[in-house]
Every structure is written in C-alpha cells, then in structure tokens.
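Residue strings, one per chain:
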Amino acid sequence: MPVTLTPTGLEIDGKIVPIYSGAVHYWRLERDLWPAILDRIQALGFSVIETYIPWAIHETAPGRYDWGAEDERKDLEAFLSLCEARDVWLIVRPGPLINAELTNFGFPEWVLLDPQVQARTALDSLHLDAAWGLHPPYQFPVPSYASEAFYRAVGGWFDALCPLLARHLAPQGCILAVQSDNETCYLFHEQAYATDYSPDSLRLYRDFLAQHYGDLTALNAAYGRDYLSFAEVEPPRDCAVQTRADVPWHIDWVAYKEYQIRWSIARIAAMLRERGLTGIPIFHDIAYQYSTPLDITRLQAEPELDWVGMNLYQNKEGYRSVATRMRFLAGATPLPFVPELGCGLWSHHPCTPTPEEEEFVTLSALMHGLKAFNLYMLVERERWQGSPITRHGTLRPEYADLYQRLLAFLNRYQFWKFERQPKVLALFNYDLGRYTAMASTLHYAHADLYGLPPELFEVELDLGLRWAVPREGEGWLSALVEELETRFVDYDLADSHLTADRLARYSLIGLETADFMNAEDQQRLLAYARAGGHLLLGPGMPYLDAALRPCRVFGEHLETPGTVQIGSGCLTWVEEDTLPTILTKHLPPVEYRCDQPAVHLSLHRNNGQALLFAANPTNTSLETRLHFSGRRTFDPAWGASQALQGEGAVPLALPAYSVQIWEAIHD
Amino acid sequence: MIDPHWSVVDLDPRTWRNVGRFFDPGQYIRAAQPGEHGLFILHDAGKILRVVDTQSGVRRDFDLPPVADPRALAHSLYARGEWQRVHVINKRHLAQVARQSQAAPRRELTLDAYYQLVYQLLWDESDGYVSVPPHPGHWGGWTYAGLKQFADQLPEEATLALGVFEAGTVAIGLILELCAGTIKRVSTFEALPLNPGEAQLSEAFLERLWTLLAGPFASPAGVLLCSQPIFEQWLTAENKAACLNTARQQGAAFWRLSLREDVLPAFQSLVMPQSIR
C-alpha cells in the first residue's frame, strides 16, 4: 500500500508523516481566502489538514452535483490541487453521515424523507435525531444503517465523488487517509432497545442470528423456543428478563446492535475501495464510547478497516475521562488517534473552552497515549467558535499561540517517536457492559431531557448471581486502577475482546470478573497466562458463559481466591480487599513517584531520551516532591521556565489543572 | 423561531462561553431541578417498577401499593417533608410522548416548536407525569408562547442585540437577526467594526451600536445593554419591568426600541419596564 499505518504515523515512500492535523471546511470559507488560510495553517506548523466532504452540499438535487460551477466554494478539485501545490497532506471524510453541525447532518433531505430509508424505534415510531438532546437547527428522521435504499443512495454519492478523489491519492496526490462514515451509532440514541426496528434492520438481525447459531435448532435450544424459521424471531423491545432463560434472546439483540455498526462501517469502507480509494488507510471515528454497542477491538479487526480512533471533547474537569479514553486507545489500537480533538466548540455546546483549558486537555491526552490527532476545528466556520484561525483568515492570538507552541514542541522532540511502555493492562469485561445494557429501560425519545435519575433507567434482575455487576467507576477494576495510580504505575486499558497479540505486550493484566464471561475470551486470556503472563482477576470467578449457561474455564484452575501456575505464567483470583497486598507483590518497579498522590506522572521514551509528564488534575495548586534514584536534571519542555536538578528528589509545583513536561536526564 | 438553515457566525468565544448554559432544552421541559432532593416513582399503569431517591439511590424500603391515584400519592409523599419534589411517572406516558412526538418527520415545525410539542405532550392533563410541586409552566417567567408572540410581531426583518458587561468588558455581545419571526442569523459584537475598548455600558455606546448594526444587519428593533448582575436578575425576576427600570436609574441598564405601535405591548409584557408603556 503506498500509504501504510505504523505505530508512529502514516508511512509514505519510506517516510513517516506524523498525524498532527487540523480541520478546515473548504465549502464554508470564501474561495479567495483559501490561500491565505492555508498560509496561516502552515505558519502554525501544520502540514496535514482534514476536511469533511458533505453529501448534501454537493448533491443539490437528486443526481445533480455542484463541484464549484454554481458556488465556487464547492470546487473540491481546486481545493485538493491547492493543497498539493502547497505540500499539505489531506485527510478526507466523505460521510455519508458527517454531522459538522450541518442541517440534516449532511444527508440530502430527499434521502431522509424516503420511508424505505428511515429507522424505526421499539415503539414503531420514526427516530428523529432530536430524540436525544439538542441537535439544532432542525429535527430529521434518522436513516437506518441496515436500509438497502440508503446504501443505494450512498452508492450514487460515492459514484460521483470517488473518481474525483481517486485522482488525488497519495503519494502523487494530497489525500493520505479517508474516513468511513462518522460516529456511526444510531445518531447518539444508542441504548439497547431504542432503535433500530426497521424492516431491513430486522432482516439483518435475523441474518446475524443465523450466522451466530448456524441453524435453527441451535437457536431454539438457546432460546427454549420452537421457531420454524429465523423469520419468526422478533427482537426484544424492552428488558423483559424474568429468568436466566430469557437472557440469550436479549443479549443477542445487544450483540446485534454492535454488529450493525461494524457491518455498516465495513460496508461503507468497501464501497469506497470499490470506487478506487485504494492504497490509503480507511479509518473510522467513534464518538466517545468504549463499551457496547461500540466494540473497538472487533471494529479494529474488520478487514475493510485499517484503523479506529475516538473523538475527544472534554473540559478540564473531564481529565479522568480524557485519561481513560487515551489509555483505552493505547491499549486497543495500533496508532492511538483522535480524529476530532476539541479545538473550539460547536455553537450549541454549553461550555466553550478557554485556551488554558484546551492546553490542559490536549497535553493530558498526549500524556496518556495520544499519538495522532486532528484538531477540530483548526479554522472556524459557521456554527463553530474558539479556533486559532477565524473564517476570515485572521488569527485568534490566544488560541493560535497555544497551537503554534504545541506543534513546535511536537516537532522539536519528534514526539511521534516517543513511547510510553506500560507493563500493566486493565481490562473492562465486555460482557458486564452487555449485561448492563440488557438490564436497562426507558429508551424512549427525550427521556434524557427530563432530569430523571440514572437508576430509573436500570432494571433490577433477580437471576441468582453471586457477584454484583458494577457500574462504571465502581467496583474491582476501579479499585485496581486507583491502586495503580496511587503507586504511579503507568497502565493501559482495553476490554476482554482484546486480541492475543496485543495482550502479549503486557506482563500483568487485571480483569474484572463476575459470575459469567464468554468462554472464548476466557480461553484467550488463559493462553496469555500460559505464555508467561500474569492474569489477575476478580472479584468473581465465572461459572457461566455470557448467556448465563454453565461454563467453567478459569474456574477449572482455581476453586478459591489464590494463585496458580499455568504454563510459564500464572492466574490469580483476588478479591477487592486483598488487591493492595497482591499488587505490592507483583507490580513492576516505577522510576518516578511523588509525595502527592493527586499528581499523575507518565514517562515517554525514545532511544536514550525521556520526557516526563506531570499533571495536576485538581482545582488547587499542588506542591510536592518528585522522587527517583540517583542524580538527575529536568529541563523544562513545557509549562515551566527553570530546570530542576537534584539527587533522589526535586521539588515540583503544579498550578491547578496544569500539565508540565520535563526532559529527564541522568547526570 | 429557529430557521432550519440559520447562519451562526463570528462568535466571540467569551460570549459563547457565557450563553452556553441556555443550550439545554431539558431545563425548559423538566420539573426536576439540578441539585434538588427528589423522589421518583416509576410505575407501569399502576404497577410500581422503581423508586429512586436522588440522595440515597434506589429505595427498596417503600412498601407502596399499586398506583391508583398518582396525584394523591405524590401529594401524600411530598407532605412528609423529606423531598423537595416528588415525581410519579407512568412509563407508558413517557412511551406515548415519544411515540406521538416522532409519529411523523415534523418538518413543519421548527426545532424549538418541536421541543414545545414534547413539552406539551409530557405535561398534558393525563396524570402520566405528576410532579409535586408541579412544573411551573415557565422558565424564570419566560414562556415559549410569549417569545413567539413577540417574534411574530417584529417587522418582517429586524435585529435584536444584547450587551452584558462584567468588570467593564463585554461578557455577552449577542446579535439576532430575524425574518418573519424566525431567527435567520446569530452573531456577536465581533461581527461589528468596533475599536478596542469601545464597547462600554453607556448610553453613548448604545447609540453607536444601534448605528453599527444597521449596516451589516437588518434594521435594529431593540437593543439592551446591562451589567452582569442586572442580566441575572432580569432573567429570573418576576417583575422584569421593575428590574430594568431600577437598573436604568442606577446606570446599570440602557435600551432602545424601534417597534411598531402594535408590537410594543407584546414586548412590554415580555421584558420591558412599566415606564415605557
């Protein structure tokens, strides 16, 4: 492939292009300002930019396209040629969904109004995008991503667009990557029983069941039913679980919701490739989710897809979420990528960030594993504010200064070559997330608006389980993570679907377990232990599979909490109260620690060079001492003005919500 | 009132940070208020499904009979004095709200009219959602009907502007251009050729702003300048007229109106002081 994905960036003609990109919407900018705006972008230090290519903007009537003849701002070919003339690389995102705060999210209205295209809810109503929160300026019927009529329309759009793009692919042209659809996930109405119950979706659901079970006998055995054909199977429309026997039917629907997303993203990627977009990576951006219905590991494994990223819009109080998502990308994907890293904000968001907040969030993301990003938006446009460059091509100095310094820092240190090297991986148990999704209700339009407490959306099931299914942020895994952070041990995150080759990167893996877990996932993790890894699990020991049928895999080796040797590694079952003791015994040593546990540290290395990140995610200034062995010098790389030097320890002062970066040198 | 193809441009980040709190449609619909200690009873046509206390979580200690009279139940629980609000919600009602609001694409409704429909469906007289104390029916004294009546009576093309000042600087500099009662363009003072430091809370700046608006925007119909504390009071004051009138006397608010005679009453009843009536 002329452009290949590597752990540091995209490789073109043997050279790595680090993905430090920014979004520019050509059709929203005056054509005669394009050159000046690209000048500004390059002066800030960017050599990669990104743009959506909006379907509805170009296909102005069915089959009629405007590529600049009627509105010169829509001259995509001229924009591509301009990028090439200036040696600017380009990432393109042609949808079909793009959002971009466009009316109708970039879909042509006639497509949305075709009843064959429209998704249906569990109540058999339409699904309007306004069902979940606020998407101004106009509600529209959400398309079903299982609709064949929808794919016929998308095919028409791609037929018109792809030949144009194919003329500009790298290495000869400027386009180095393309995105398949955008934040595909039922238009944010992602709860298990919300949607999609359209006829085409139900057909796809039944295909999924046939694929999963192989034949009807197996399905009837699992469901305790006597269906005569798959066509008779109707999906659950709310949580109606009374006994364990009801679980397979519900869990399969939850799994289907994941499948529809993967199937549609892969199908759209294949449609792009069939139309000539070959030789460059195709990626997808997840909005923010890392549990059902978004299965990042399986999406990453789709043959049609090269790469999965996750978008990030957070304020400074969201540090915990930033760290979690970046650690997850680092654990689950080959090149941790944020295709939309908040740079300014959409106009209907409640909290436009200050430059100081953007600095804290961006550095926090880099600290915890971010390797590639696209600042969304680098250039303002309608319905967006707070970017470094205005739509008139002028700078917003306070924002522009931040990103100019950031690019200078990244390029000075060649940051893309640096690596965190965590030896510990914490795994979310994917099946626990599915169970939580299954045991939920009130997936009705607008229910999110009424200020109802989250517990009202939960269904309490009495299935005779021994261990509670924890909420996110509670339970064994949270206790593990807290212990790691208190001890300044760096770690990655992923989920129990993670592939064997990625598991093998870690010497210690912690997995949250309860009564049930998929047997294949257990076997893969056991194989990791046999090959020399240490698998730590708790608080429960699974004795059921994910559909709550009897199944023992881990349990074959351990009857009670404790440790057992397996092959060249070991398996430890540990309850929450004994986690600290076990961790003390097995955690790898750390090179740096602080007196103040609220401070977070992360070490990034490249050959003999080391960059130490220190974050204060609290709302008060912190003064502490940084401990290490021997004598060291710390040259400021970001956020401090004077070098630190000391034997064994140096003082560290961190303002509230700040990140400092130091080049650590052994004297 | 929101045009489906509105233009929202040239937004200074500070103004947008300060107006962001208004972009939450739920706050205009819901009875539950953030931070409020509430009790929520979810039932399915009488059968109790879940009882949740916002402070202590799921309440399993409640031995409630099936809900026969949701209003009586809410009143009796509220009378205990343990909660600031008691909600008795029929799950089927929430389903019905969703079903009815999404029965059709609703392309005839603007987005705000769509959410108003959701509000009306939720707070119908069916006892599907009972709240004690009840939903007030307005937000800080503002109602959809009042705003719409005002917008509908503006000239065919009109501009409204709001300047809110904090410590001598513009905290909010908002410009709305309306056409036939619909907001077509949203912008901020950044769209105007203002000199640095020119924007002040003063009568002189009010006149300057009026003049500047008339160029790139439709003719101004109303401009209000006030201090941040007055803005906060005005938003929630029961008597908005008295609030602004007092502020003007203290030099903390200035305004200018250019409305047709027949529009004035609607505007006065909505936001303006008694003195201009």
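Check the entry above for the structure.
Each value, and the rule that gives it
Residues numbered from 1 in each chain as written. Chains lettered and ligands numbered in written order. Predicted model: local features only at pLDDT ≥ 70, side-chain atom pairs only at ≥ 80, totals over all residues. Heavy atoms only, no water. Helix = DSSP H or I, 4+ residues; strand = E, 2+ residues; numbered from the N terminus. Rg over C-alpha atoms; globule rule 2.2 N^0.38 Å. Buried < 20%, exposed > 50% of the residue type's maximum accessible area, 1.4 Å probe, protein only. Contact = heavy atoms within 4.5 Å. Areas by Shrake-Rupley, 256 points an atom, 1.4 Å probe, with all protein chains shown as cover. Lys, Arg positive; Asp, Glu negative; His and termini not counted. Charge placed at Lys NZ, Arg CZ, Asp CG, Glu CD. Buried area = accessible area lost by both parts, 1.4 Å probe. Salt bridge = Lys/Arg side-chain N within 4 Å of Asp/Glu carboxyl O. Polar contact = N/O pair within 3.5 Å; in protein donor to acceptor, adjacent residues only side chain to side chain. Phe/Tyr/Trp six-rings, centres within 6.5 Å; stacked < 30°, edge-to-face > 60°. Core = buried A, V, L, I, M, F, W, Y, C linked by side-chain atoms within 4.5 Å. Pairing = 2+ DSSP bridges. Expected span 1.5 Å × (residues − 1).

Caption draft 1: Examining the overall build of chain A more closely. A count of helical and extended segments in chain A gives 17 helices and 27 strands. The C-alpha radius of gyration computed for chain A amounts to 25 Å, which stays within 12% of the reference 26 Å derived for 667 residues, consistent with globular compactness. C-alpha atoms of chain A, sized along the principal axes, occupy 75 × 75 × 50 Å. By the burial criterion, 64% of the 667 residues in chain A qualify as buried. In chain A, of all internal contacts separated by at least 6 residues, the share reaching a separation of at least 24 is 77%. A total of about 22700 Å² of accessible surface is found on chain A, and carbon and sulfur atoms cover 50% of it. Distance between charge centres in chain A, computed from 53 positive and 85 negative side chains, equals 3 Å.

Caption draft 2: Main features of the interface of chain B and chain A. Each side of the interface is counted separately: chain B has 54 residues, and chain A has 55 residues. Roughly 4600 Å² of surface becomes buried between chain B and chain A when both sides are summed, with 59% attributable to carbon and sulfur atoms. The three residues of chain B that bury the most area against chain A are B:Arg17, B:Gln102 and B:Arg107, which together make up 18% of that side's buried surface. In this assembly, chain B and chain A are joined by 8 salt bridges. There are 27 residue pairs in polar contact (both at pLDDT 80 or more) connecting chain B and chain A.

Caption draft 3: Looking closely at the packing of aromatic side chains. All names here are of chain A. All told, the structure shown has 59 aromatic pairs over all chains when counted by the stated rule. When the centroid spacing of 4.7 Å and the interplanar angle of 25° are considered together, the rings of Tyr197 and Trp253 count as stacked. Taken as a pair, Tyr197 in the loop between β9 (175–179) and α6 (199–213) and Trp253 in helix α8 (residues 247–274) lie far apart in primary sequence, 56 residues in all. Neither residue differs from the other here; Tyr197 and Trp253 are each classed as buried.

Caption draft 4: Broad picture of the nonpolar core. A:Ile41, A:Leu176 and A:Leu535 are the most contacted members of the largest nonpolar core, which totals 216 residues. If we ignore the near neighbours within four places in the chain, the residues touching A:Leu176 are A:Val3, A:Leu10, A:Ile12, A:Val17, A:Ile19, A:Trp89, A:Leu90, A:Ile91, A:Ala170, A:Ile280 and A:Pro281. Residues B:Tyr115, B:Tyr119, B:Leu174 and B:Trp234 belong to the second largest nonpolar core, which totals 73 residues.

Caption draft 5: Representation of the sheet that holds strand β4 (residues 57–58) of chain B in the model. Residue and element names in this part refer to chain B. Ordered in space as β4-β3-β2-β5-β6, the 5 strands form an open sheet in which the pairing is mixed. Two strands in the sheet have a free side with no partner beyond their single neighbour: β4 and β6 (129–132). Pairing analysis gives 6 bridges linking strand β2 (residues 38–44) to strand β5 (residues 85–90), with the strands arranged parallel. Its bridge partner lying in β5, His43 is registered against Asn90.

Caption draft 6: Representation of helix α11 (residues 355–367) of chain A within the structure. Residue and element names in this part refer to chain A. With 13 residues, α11 should reach 18 Å at 1.5 Å per residue; the first-to-last C-alpha distance of 18 Å fits that figure. Here α11 has its buried residues at Pro355, Glu357, Glu358, Phe360, Val361, Thr362, Leu363, Ser364, Ala365, Leu366 and Met367. Positive backbone phi, approximately 130°, marks Gly369, located one or two places after α11.

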